[in-house]
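An overview of the molecular structure
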Amino acid sequence: MSSQIDHLLTETRRFAPPSSFAAAAVGTAELYERAAADRVGFWSDQARELLHWHTPFTETLDWSNPPFAKWFADGELNVAYNCLDRHVEAGAGDRVALLWEGENGDERRITYAELTAEVKRVANVLEGLGVGQGDRVAIYLPMIPEAIASMLAIARIGAIHSVVFGGFSADSLRSRIDDAGAKVVITADGGYRKGKVSSLKPAVDQALADRNGSGVQDTVDHVLVVRRGGNDVAWTEGRDLWWHDVVPAASDHHEAQAFPAENPLFILYTSGTTGKPKGIMHTSGGYLTQAMFTNKVVHDIHPETDVFWCTADIGWITGHSYVTYGPLANGATQVLYEGTPDTPHPGRWWEIIQKYGVSIFYTAPTAIRSFMKLGREIPQKFDLSSIRLLGSVGEPINPEAWMWYRKVIGGKAAPIVDTWWQTETGAIMISALPGVTETKPGSAQVAIPGVSIEVVDDDGVHVGNGNGGLLVVTEPWPSMLRGIWGDPDRFVETYWEKFSAQNYYFAGDGARLDDDGDVWLLGRVDDVMNVSGHRLSTAEIESALVGNEAVAEAAVVGASDETTGQAVAAFVIIKQSYLAAHSPDGLAQSLRAWVGEQIGPIARPRDVYIVEELPKTRSGKIMRRLLRDVAEGREVGDTTTLADTAVMSVISAQVR
Ligand code: 6R9
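Residue numbering note: each chain is counted from 1, following its sequence as written. Where totals are concerned, whole chains, interfaces and linings use all residues; where local detail is concerned, this predicted model gives features only for residues with pLDDT of at least 70, and gives and counts side-chain atom pairs only at 80 or more. In computing side-chain properties, one takes all heavy atoms of the structure into account and sets aside hydrogens as well as water.

Looking at an unreviewed UniProt entry, the protein chain carries the name Acetyl-coenzyme A synthetase, with the source organism given as Microbacterium rhizomatis. Listed under Sequence similarities (unreviewed entry) in UniProt, the entry text for the protein chain is "Belongs to the ATP-dependent AMP-binding enzyme family." UniProt positions are given in the numbering used here, feature names are shortened, and annotations may be inferred rather than shown by experiment. The protein chain has a UniProt comment under Catalytic activity (unreviewed entry) that states "acetate + ATP + CoA = acetyl-CoA + AMP + diphosphate".

Marked domain ranges trace back to an automatic or database domain assignment. Here the protein chain is partitioned into domain 1 (2-507) and domain 2 (532-655). Here the C-alpha centroids of domain 1 and domain 2 sit 31 Å apart.

What follows deals with the pairing of strand β16 (residues 307-310). Think of it in three bands: with a 1.4 Å probe and only protein chains considered, a residue is buried below 20% of the maximum accessible area for its type, exposed above 50%, and partly exposed in between. For helices the rule is a DSSP run of H or I covering at least 4 residues; for strands it is a run of E covering at least 2, with both sets numbered from the N terminus onward. Burial along β16 is two-sided: the residues Val307 and Trp309 and Phe308 and Cys310 are all buried. We call two strands paired when DSSP finds no fewer than two bridges between them. Summarising the sheet, β16 and strand β17 (residues 333-337) pair through two bridges and their orientation is parallel. Bridge pairing in β17 links Phe308 to Gln334. Classification remark: right-handed applies to a crossover when, strands pointing away from the viewer, the course from the first strand over the helix to the second runs clockwise. Handedness of the β16-helix α13 (residues 317-329)-β17 crossover: right-handed.

Taken in spatial order, the four strands of this open sheet run β21-β22-β24-β25, and their pairing is antiparallel. Only two strands of the sheet have a single neighbouring strand rather than two, namely β21 (453-456) and β25 (519-524). Geometrically, the sheet is characterised by an average inter-axis angle of 45° between neighbouring strands, direction not taken into account. As judged from the four bridges shared by strand β24 (residues 505-513) and β25, these two strands associate in the antiparallel manner. Note on method: axes are straight lines fitted to C-alpha atoms, helices fitted across the in-contact stretch only, with angles between N-to-C directions ranging 0 to 180 degrees.

As a further point, take the packing of aromatic side chains. Between rings of Phe, Tyr and Trp, where Trp is taken as its six-membered ring, a pair exists when centres lie within 6.5 Å; planes separated by under 30 degrees are stacked, by over 60 edge-to-face, and by other angles tilted. Summed over the entire model, instances satisfying the criterion amount to 33 aromatic pairs. An angle of 80° between the planes, with centres 5.8 Å apart, marks the rings of Trp349 and Phe361 as edge-to-face. With a gap of 12 residues between them, Trp349 in helix α14 (residues 348-356) and Phe361 in strand β18 (residues 360-363) connect regions that are remote in the sequence. This pair shows no difference in class: Trp349 is buried, exactly as Phe361 is. When the ring of Trp349 is compared with that of Phe371, the centres are 5.3 Å apart and the planes differ by 55°; the resulting orientation is tilted. Of the two residues, Trp349 sits in helix α14 while Phe371 sits in helix α15 (residues 365-374), which places them 22 residues apart along the sequence. An aromatic cluster is present here, built from Trp63, Phe68, Trp477, Phe491, Tyr495, Trp496 and Tyr505 joined pairwise through their rings. A cation sits over an aromatic face here: Arg108 above Trp100, 6.0 Å from the ring centre. By definition here, charges over rings are those cases where NZ of Lys or CZ of Arg is within 6 Å of the ring centre and within 35 degrees of the ring normal. The ring of Phe506 has Lys498 sitting right over it, with the charged end atom 5.7 Å from the ring centre.

Oppositely charged side chains can form a pair if their charged atoms are brought close together. The term salt bridge refers to a side-chain nitrogen of Lys or Arg lying within 4 Å of a carboxyl oxygen of Asp or Glu. Per the stated rule, a full pass over the model turns up 35 salt bridges. Measuring nitrogen to oxygen at the nearest pair gives 3.2 Å for the salt bridge that ties Glu146 to Arg108. Taken together, the residues Glu146 in helix α8 (residues 145-156) and Arg108 in strand β5 (residues 107-111) connect sequence positions 38 residues apart. Between Lys201 and Asp240 there is a salt bridge whose closest N-O contact spans 2.8 Å. Of this pair, Lys201 sits in helix α10 (residues 201-207) while Asp240 sits in strand β12 (residues 240-242); the two residues are 39 residues apart in sequence, bridging distant segments of the chain. A residue is classified by how much of its surface remains accessible, and Asp240, at 4% relative accessible area, is buried.

Rendered as structure tokens:
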């Protein structure tokens, strides 16, 4: 990879963990030694130490038929028992599991004993509806305690959940219900979003509407509906059931049965390079081992004293692993917030941190940058002194955002863990250990103990320190996806074919190793541009742009260009104060020059478009494909997965 991406790597700031933090940290340097000495044995120890096994396993890993791995295959466990009952049996029943805050100010504190009883009732209801081992149940709920209770109840009876993000349309919901062949859908009348009730049940009704002649078999027998929004809903007698009618009436006795470690736990749909979402499938024992382990050592969970808050929705993998499974398996206390960060005021998140004394906070760079845009005055109105650890996930975090996060939210002391992983990997793969690693702004740094990461060239040859290439996982790991639901061929093609000679997992991300061997993520390889034979990362140019004081946010794409192959096209949002004082042409000119100065002339954008918004998916990822359409003067493609589908017409108009 060319020297142009050296910009990020000239970052020389280093932050050692505060000594008091290091002294009390759960994750220690010794973990790396144990894992390096015997990687498989290390995971076997973790699985045994962290989880309760109804039937202990005798074989740790079966990799005899790659890429189809089996972990702890002859062991049996119950995932929900591990997240709930065992804490109650150990005397922690009165510990708060969920500190729930509704967007409208409603509050509920739910202890481990209460959550366990609720999950048992829901498990009994689902069994009464005929749901059993291996059956699929779709969840389409807001961020309310019932969402977590539903996931755990499904896990408890050995069934498989498919959580569909509440912001998805009826069409997306329908395709996910159909692909998985769900028997029951759990939803709510509505939930609070941006200050008002946003309905959910109508989308379920629409998704399940009469399919006569459509060729699709309707598998859904029942819809279980939580009353949250209080909005009017249509009712299909015989099919629809109110949660409040059936759950409180059910027995709270339910013995957790043991299921094989490889029993599927959930399907979670994620978008791939083609249009059809992939149903990523995870199983029980390996997934729970790594979700719990990483939450413990990367987020440094001390269950008796910490208050953890991961802001992700349960509709995403981050919500699965670090809202539901990791924290509850660890017996932690966590905040669950229903609404949007800026409702009813832009300091809502910081107010919640102050109110509940959040000590560990885990969020995405896109959120951090949008708070930067609003200014530090807002968080500074609140007491954030309870925070002792910060985490980042979802996309590369540029050094400026990292430093702002550290200074303004972390009080210049809290370590930051930048965690790289994917829906497919199930749990964190690359991250600092906060009590061990000296952190570098912008780098995710090192594989966690027990995970083997490499950066390779197109032939699978390790590039060595100081070079860039493709990120691969070279050895199987416990929480790895076990397949794509109903499509084993696509599983092999997408992730394993590229490096089939080596059996490496191809992550689809570009990365570079610095001279210390630390990993710097450079964005999806589909986002890596080739300009005049030089490889440039969109992430790196974006980082340079947002490093300019006039810029609030930036997205960069490679647009095809007759002479240079690809050219850099940048879409930038300018801070209000600069917009007022400068002409758009002048700003575009100076930003072009700025990038040239920061990275090198080759990276200077051909086009700088000043826009008011960027097209983002509901999980906050910028949809570069759509920007590429604009930059290349094409008609804009499919916008249905955007959070706000109108945004592209605005951008197209502004660019023209
Ligand atoms: C957990 C999650 C996965 C993709 C992944 C990569 C990007 C995630 C990152 C990161 C740089 C990090 N990504 N974490 N890039 N640094 N710390 O986000 O899963 O929604 O499946 O996305 O997100 O490109 O390939 P998912």
